[in-house]
Amino acid sequence: MTTVAIVGSTGSIGTQALEVTAAEPDRFDVVALGAHRSVDTLAAQARAVHPEVVAIGDADLAAELKEQVPAGVEVLAGPDGLAEIATRADVALNAVVGFAGLPVTLAALNAGKRLALANKESLIAAGPVVQPARATPGAELLPVDSEHCAIHQCLAGGAPVARIVITASGGPFRGRSRDELAAVTVDDALAHPTWSMGPKITVDSSTLMNKGLEVIEAHELFGFDYDVIDVVVHPQSIVHSMVEFTDGATIAQLSLPDMRLPIGYALAWPDRIGTPFGRIDWSELTSLEFEPPDLDAFPCLGLAYEAGRLGGAAPAWLSAANEVAVAAFLDGTIGWTAISDVVAETLDGYVGTEPDAVDVVLEADRQARERARQVVERKANA
């Protein structure tokens, strides 16, 4: 049995992870669950799986949670509690949304655990801090993003690599011009054509920022230079990524869009689960399309490449500015096209910083958020 801690268990990835573990009861034992504020959902999950420990990120909700979980279940609270449960199992799934997932990432790796990482922001914003933690004896980092899971599988080919190709669905606005995107609504942006995800990552998909963050994540995960990481739009979301080798051969990983497949892959590594999530019916799959991304209509992708190549704390600034901008869009403060404007203007204020310690990363994140909020306020009042 592999023991599992799911941090961010009430969100989209967390709930799908519980579906994976339920489908493989002889393989996985969920011993820890954690969420930020969703007390009722977290308590219901605890009653269903009877973990050893649960954690709530908002410490003010700890007493309420304790009243609802089964007797004998330990209750931890605060960000430190969420980080602590990541050390209580063989494998920790970090499904926390945004930069708040960094303590969970570091706790799992520093404890020598396998980390199934669905929280890309912690690696993107704090890559220079996370990388040394990956060298901890016993520590492993398995990506849960479908694209990076695909790359991980394709790299098993072992030959010298010429190019990494990350696929993008194109989101709900594929094919629209910049002018046509000026009046899109929150509901429009949340209507993803192929994936069911939380609101922040769904908006990121609509702007192609999600793909830009994945480019930086691929660089951090696998060590490839930005010049050999490409993005191609593939609206069917069947090919999840590809690796081209120096002899011209390309290996791709294909499946129907189902996040339970990469979740199961990361939890079971180096084995594979027996439940065929994402199985393709080849009698029904009729076509696969590919096209280049439109960087004029979707400038966030280019901004991510720019931040990645700048290095230092620039990816942290990019990630922080994007979180602020997406939150402002979701609450109606700014329009969709202003998201990339906020990120670009925030990055214009970046001065070279080497994020060689957690406190430096935290300060870079704070500075970027402060500048991004100023830009949002200026645009909202324009």
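Residues numbered from 1 in each chain as written. Predicted model: local features only at pLDDT ≥ 70, side-chain atom pairs only at ≥ 80, totals over all residues. Heavy atoms only, no water.

1. Digging into the overall build of the protein chain
Turning to step 1, where the next piece is worked out: Within the protein chain one finds 16 helices and 11 strands.
Turning to step 2, where the next piece is worked out: Over its C-alpha atoms the protein chain spans a radius of gyration of 20 Å, differing by no more than 12% from the 21 Å that the globule rule assigns to 382 residues.
Turning to step 3, where the next piece is worked out: Counting only C-alpha atoms and orienting by the principal axes, one finds that the protein chain spans roughly 55 × 50 × 40 Å.
Turning to step 4, where the next piece is worked out: Residues classed as buried in the protein chain amount to 55% of the 382 residues present.
Turning to step 5, where the next piece is worked out: Entry remark: accessible area of the protein chain is about 15,300 Å², with carbon and sulfur atoms responsible for 50%. (Helix = DSSP H or I, 4+ residues; strand = E, 2+ residues; numbered from the N terminus. Rg over C-alpha atoms; globule rule 2.2 N^0.38 Å. Buried < 20%, exposed > 50% of the residue type's maximum accessible area, 1.4 Å probe, protein only. Areas by Shrake-Rupley, 256 points an atom, 1.4 Å probe, with all protein chains shown as cover.)

2. A closer look at the pattern of salt bridges
Turning to step 1, where the next piece is worked out: All told, the structure shown has 23 salt bridges when counted by the stated rule.
Turning to step 2, where the next piece is worked out: A salt bridge links Arg 88 to Glu 74, with the shortest nitrogen-to-oxygen separation between them at 3.2 Å. Note that Arg 88 is positioned in the loop between helix H4 (78–85) and strand S5 (91–94) and Glu 74 in strand S4 (residues 74–77), a separation of 14 residues in sequence.
Turning to step 3, where the next piece is worked out: With a relative accessible area of 32%, Arg 88 lands in the partly exposed category.
Turning to step 4, where the next piece is worked out: The class of Glu 74 is partly exposed, set by a relative accessible area of 35%.
Turning to step 5, where the next piece is worked out: Across the pair Arg 260 and Asp 258 runs a salt bridge whose closest N-O atoms are separated by 2.8 Å.
Turning to step 6, where the next piece is worked out: Since its relative accessible area comes to 24%, Arg 260 is described here as partly exposed. (Salt bridge = Lys/Arg side-chain N within 4 Å of Asp/Glu carboxyl O.)

3. Side note on the pairing of strand S8 (residues 161–168)
Turning to step 1, where the next piece is worked out: Of the strand pairs in this sheet, S8 and strand S10 (residues 239–245) are connected by five bridges, and their pairing is antiparallel. Residue pairing across strands places Ile 164 opposite Val 243, the latter belonging to S10.
Turning to step 2, where the next piece is worked out: Strand direction decides the pairing type here: S8 and strand S9 (residues 229–233), joined by five bridges, are parallel. Note that in S9 the partner of Ile 166 across the bridge is Val 231. (Pairing = 2+ DSSP bridges.)

4. Comments concerning the layout of surface pockets
Turning to step 1, where the next piece is worked out: Of the voids in this model, the largest pocket is the one considered here, and its volume is about 660 Å³.
Turning to step 2, where the next piece is worked out: Along the wall of the largest pocket there are 36 residues; nearest its centre are Ile 13, Lys 120, Met 197, Gly 198 and Ile 201.
Turning to step 3, where the next piece is worked out: With five residues, helix H10 (residues 199–207) is the largest single contributor of residues to the lining of the largest pocket.
Turning to step 4, where the next piece is worked out: Within the lining of the largest pocket, the residues separate by chemical class into 13 nonpolar, 15 polar and eight charged.
Turning to step 5, where the next piece is worked out: Taken as a whole, the second largest pocket encloses approximately 310 Å³ of empty space. (1 Å grid on protein atoms, 1.4 Å probe; cavity = no way out; pocket = protein on both sides within 12 Å on 5 of 7 lines; lining within 4 Å. Points joined across faces, edges and corners; volume = space filled by probe spheres on them. Nonpolar A, V, L, I, M, F, W, Y, C, P; charged D, E, K, R; others polar.)

5. Observations concerning the packing of helix H14 (residues 314–330) against helix H16 (residues 358–380)
Turning to step 1, where the next piece is worked out: At a closest axis distance of 8 Å, the pairing of H14 and H16 adopts a crossing angle of 40°. Looking at the two axes, H14 sits oblique to H16. Where H14 crosses over H16, the two elements pack in a sense that is right-handed. For the pair H14 and H16, the contacting residues are Trp 317, Ala 320, Ala 321, Glu 323, Val 324 and Ala 328 in the first and Ala 364, Asp 365, Gln 367, Ala 368, Arg 369, Arg 371, Ala 372, Arg 373 and Val 376 in the second. (Axes fitted to C-alpha atoms, helices over the stretch in contact; angles between N-to-C directions. Parallel < 35°, antiparallel > 145°, perpendicular 65-115°, else oblique. Left-handed = near helix turned anticlockwise from the far one by under 90°. Contact = heavy atoms within 4.5 Å.)

6. Some thoughts on the sheet that holds strand S11 (residues 250–254)
Turning to step 1, where the next piece is worked out: Strand order across the open sheet formed by four strands is S9-S8-S10-S11, with mixed pairing between neighbours. Only two strands of the sheet have a single neighbouring strand rather than two, namely S9 and S11. Averaged over all pairs of adjacent strands, the angle between strand axes in this sheet comes to 20°, irrespective of strand direction.

7. Section: empty space enclosed by the protein
Turning to step 1, where the next piece is worked out: A full pass over the atoms with the stated rule returns one cavity of 30 Å³ or more.
Turning to step 2, where the next piece is worked out: Empty space within the largest cavity amounts to approximately 40 Å³.
Turning to step 3, where the next piece is worked out: For the lining of the largest cavity, a count of residues per class yields four nonpolar, five polar and one charged.

8. Looking at the side chain of Asp 145
Turning to step 1, where the next piece is worked out: For Asp 145, the location among the structural elements is in the loop between strand S7 (140–143) and helix H8 (146–154).
Turning to step 2, where the next piece is worked out: Among the polar contacts made by the side chain of Asp 145, one reaches the side chain of Lys 120 at a distance of 3.3 Å. (Polar contact = N/O pair within 3.5 Å; in protein donor to acceptor, adjacent residues only side chain to side chain.)

9. Brief notes about the sheet that holds strand S6 (residues 114–117)
Turning to step 1, where the next piece is worked out: Spatial ordering of the open sheet is given by S4-S3-S2-S1-S5-S6-S7, a layout of seven strands whose pairing is parallel. Since the sheet does not close on itself, it has two edges, and those belong to S4 and S7, each with one partner. Pairwise comparison of adjacent strand axes, ignoring direction, gives a mean angle of 20° for this sheet.
Turning to step 2, where the next piece is worked out: When strand S1 (residues 2–7) meets strand S2 (residues 28–35), the two strands line up parallel, connected through six bridges. When the sheet's bridge partners are listed, Ile 6 is paired in S2 with Leu 33.
Turning to step 3, where the next piece is worked out: Sheet strands in contact with helix H5 (residues 102–110) are S1, S5, S6 and S7, and its direction is about 155° off that of S6.

10. Comments concerning the packing of aromatic side chains
Turning to step 1, where the next piece is worked out: For the coordinates displayed, the defined rule picks out four aromatic pairs.
Turning to step 2, where the next piece is worked out: Ring centres 5.3 Å apart and planes at 85° place the aromatic pair Phe 173 and Trp 336 in the edge-to-face group. Separated by 163 residues along the polypeptide, Phe 173 in the loop between S8 and helix H9 (186–189) and Trp 336 in the loop between H14 and helix H15 (337–347) bring together distant segments of the chain. There is no split in this pair, since Phe 173 and Trp 336 are both buried.
Turning to step 3, where the next piece is worked out: Aromatic pair Phe 298 and Trp 336: ring centres 6.0 Å apart, planes at 85°, arrangement edge-to-face. Residue Phe 298 is located in the loop between helix H12 (260–268) and helix H13 (300–310), and its partner Trp 336 is located in the loop between H14 and H15; the two are separated by 38 residues in the primary sequence. In this structure, Phe 298 and Trp 336 share a single accessibility class: buried. (Phe/Tyr/Trp six-rings, centres within 6.5 Å; stacked < 30°, edge-to-face > 60°.)

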